[in-house]
Amino acid sequence: MLNGEWILRSQHTMKSRNLKIGALLISVLLPLMLSGCNAHVDAAAEAPPPANIVPGADPGLFTVDHPEQFPLAAAVERPTTSELVVTGTVAPDIARNVPVVSLASGRVVAIHARLGDTVQKGQLLLTIRSDDVAGGFDAYRKAIADELLARKQLNRAVDLYAHGAVAQQDLEVAQDAAEDAKVTLETTTEHLRLLGNDPDKPMGIVDIVAPTAGVITDQEVTNAATVQAYASPSPFTISDISSVWIICDVYENDLSAVRLGDTAEIILNAYPDHMLKGKVSNIGAVLDPSIRTTKVRIEVRNTGMMRLGMFVRATFRGQKTEMHTVVPASALLRMHDRDFVFVPAPDRKFRRVEVVSGDVLNENTNLQEIRSGLKPGQQVVANALVLDHVLAQ
């Protein structure tokens with residue numbers, strides 16, 4: 001019994017101790033937890049300070065220490081005619097495209113020229129073996145015999161008529177027969193010559209020659225092929241490119257700048273340093289309904305540089321006068337496929353301004369047109385490249 005009482009007292013003592021420790025922890029931790037919650041609530045309730053936004057600097061404005069080191073030039077106004085620049089291609093003059101026609105049918109035995117070759121008038125192009133020639137020689141020999149017989153009969157009729165042995169009607173019949181035989185002989189002889197054969201040298205070969213000088217732009221025949229007389233397509237096509245066409249597409253809104261007979265300046269993409277001149281010979285009567293353009297044809301004398309299919313740039317000079325701004329060519333700075341100039345600004349600064357440049361003046365290559373972005377009278381830095389170099393440092 002004593003042991004049981006001791007155990008019950010010990011358990012009671014431990015419970016009392018645990019309760020005291022729990023109360024002590026609550027009394028210490030609870031105020032700390034409450035103060036933390038209040039601090040969090042106060043922090044959440046407090047509004048954040050307003051953001052301070054600093055505007056960025058103008059990227060086109062530059063400050064220099066000594067702006068007087070960069071001389072200025074004034075943009076001036078210059079009268080000039082309006083212009084229209086379009087693209088086009090080199091095409092053959094259709095009237096100068098000559099088909100090479102074979103007058104005889106036969107089999108090709110030799111080809112003496114190829115596609116792209118430059119040939120002269122009368123140059124041998126093709127040789128064929130033809131039965132037409134054999135038939136032509138047969139008719140030619142018969143015509144010779146008939147003409148000889150008719151001539152003998154005419155001589156006999158003349159002699160007999162002179163002695164009163166035949167009537168005048170018989171003489172006239174002999175004269176008509178002799179005349180017919182002569183015409184037949186001349187016709188067969190000319191036929192052989194048209195086929196390219198000498199009547200005195202019988203052979204079954206036909207030589208086809210170039211009817212004009214130019215470039216072979218089409219070939220429809222190969223070795224051992226057959227050729228039909230007057231057939232289409234022709235064995236060859238020869239183009240005389242001493243004069244060519246420039247075919248341009250001009251938009252509907254720009255047609256007022258183009259007139260028949262106007263002179264156009266032609267620049268080849270392959271030879272940008274050479275300028276040719278041509279004349280507008282035709283303005284298409286029909287517009288392309290999808291892109292609203294019409295074909296404009298320019299006739300140009302070929303100096304030897306132009307090839308069929310080349311791309312060109314054609315410039316039409318208008319009839320009305322426009323005023324353009326002109327500055328020194330050195331005042332323009334080319335960056336990222338765009339043109340800029342520097343204009344003075346207050347407080348020792350320069351502003352970089354984008355402009356649209358035009359052509360360099362033909363009479364003075366040191367001056368260049370400004371189409372937009374700058375007005376006459378404005379000051380610009382005369383040498384933009386020097387200023388840009390200094391700013392880069």
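Source: prediction; values computed, not measured.

K.L.:
Before we go on, may I ask you to explain the packing of helix α2 (residues 131–162) against helix α3 (residues 168–194) in this structure?
P.N.:
Two numbers describe a pair of packed helices, the interaxial angle and the distance between the axes. For the pair α2 and α3, interaxial distance at closest approach is 8 Å and the crossing angle is 155 degrees. By the angle class used here, α2 and α3 are roughly antiparallel. Classified by chirality, the crossing of α3 by α2 is left-handed.

K.L.:
Got a minute to help me understand the confidence of the model for the protein chain in this structure?
P.N.:
Predicted coordinates in regions of low pLDDT should not be interpreted in detail. Predicted confidence across the protein chain gives a mean pLDDT of 84, with 85% of residues reaching 70 or more. Confidence, expressed as mean pLDDT per element, reaches its minimum in the protein chain at helix α1 (residues 2–45) with 49 and its maximum at strand β15 (residues 293–301) with 96.

K.L.:
Would you mind going over the pattern of salt bridges with me for this structure?
P.N.:
It is possible for side chains of opposite charge to pair when their charged atoms get near one another. Tallying each qualifying case throughout the model produces 10 salt bridges. Taking the shortest distance from any N to any O, the salt bridge between E369 and R78 comes out at 3.2 Å. Note that E369 is positioned in strand β20 (residues 367–372) and R78 in strand β3 (residues 76–92), a separation of 291 residues in sequence. Where K142 meets D138, a salt bridge forms, and the shortest distance between an N and an O atom there is 3.5 Å. Linking K142 with D138, this pair stays in helix α2, spanning 4 residues, or about one helical turn. Judged by its relative accessible area of 37%, D138 falls in the partly exposed class. Ionic contacts of the salt-bridge type, sharing partners, join the residues D93, R96 and D240 into one network.

K.L.:
Please clarify how the sheet that holds strand β9 (residues 214–219) should be interpreted in this entry.
P.N.:
As summarised here, the arrangement of the 4 strands in space is β4-β11-β9-β6, forming an open sheet in which the pairing is antiparallel. Unpaired on one side and paired on the other, β4 (97–100) and β6 (118–119) mark the two borders of the sheet. The sheet contact formed by β4 and strand β11 (residues 236–239) spans 4 bridges and is antiparallel. Across the sheet, residue P99 finds its bridge partner in β11, namely T237.

K.L.:
I'm lost on the sheet that holds strand β7 (residues 124–129) in this one. Help?
P.N.:
Paired through their backbone hydrogen bonds, the strands of a sheet run either parallel or antiparallel. With antiparallel pairing, the 4 strands of this open sheet are ordered in space as β8-β7-β5-β10. Bordering the open sheet on either side are β8 (205–209) and β10 (226–227), each of which pairs with just one other strand. Where strand β5 (residues 106–111) and β10 come together, 2 bridges link them in antiparallel fashion. By the bridge assignment for β10, G106 is matched with V227.

K.L.:
Help me out: how do you make sense of the pairing of strand β14 (residues 275–283) in this one?
P.N.:
The side chains of a regular strand alternate between the sheet's two faces. One ladder, built from 5 bridges, connects strand β13 (residues 263–268) with β14; its direction is antiparallel. The residue of β14 that forms the bridge with T263 is K279. The antiparallel pairing of β13 with β14 creates a hairpin that spans 6 residues between the two strands. Of the strand pairs in this sheet, β14 and β15 are connected by 5 bridges, and their pairing is antiparallel. Bridging from a neighbouring strand, K279 pairs with E299 of β15.

K.L.:
Quick question: what am I supposed to make of a nonpolar patch on the surface here?
P.N.:
On the surface, V101, L103, L194 and Y230 cluster together into a nonpolar patch covering about 400 Å² of accessible area. In this fold, L194 is placed in helix α3. You can call L194 exposed: its relative accessible area is 52%.

Parameters and conventions
- Residues numbered from 1 in each chain as written.
- Predicted model: local features only at pLDDT ≥ 70, side-chain atom pairs only at ≥ 80, totals over all residues.
- Heavy atoms only, no water.
- Axes fitted to C-alpha atoms, helices over the stretch in contact; angles between N-to-C directions.
- Helix = DSSP H or I, 4+ residues; strand = E, 2+ residues; numbered from the N terminus.
- Parallel < 35°, antiparallel > 145°, perpendicular 65-115°, else oblique.
- Left-handed = near helix turned anticlockwise from the far one by under 90°.
- pLDDT = per-residue confidence, 0-100.
- Salt bridge = Lys/Arg side-chain N within 4 Å of Asp/Glu carboxyl O.
- Buried < 20%, exposed > 50% of the residue type's maximum accessible area, 1.4 Å probe, protein only.
- Pairing = 2+ DSSP bridges.
- Patch = residues over 30% accessible without salt bridge, like charges linked within 9 Å, V, L, I, M, F, W, Y side chains within 5 Å.
- Areas by Shrake-Rupley, 256 points an atom, 1.4 Å probe, with all protein chains shown as cover.

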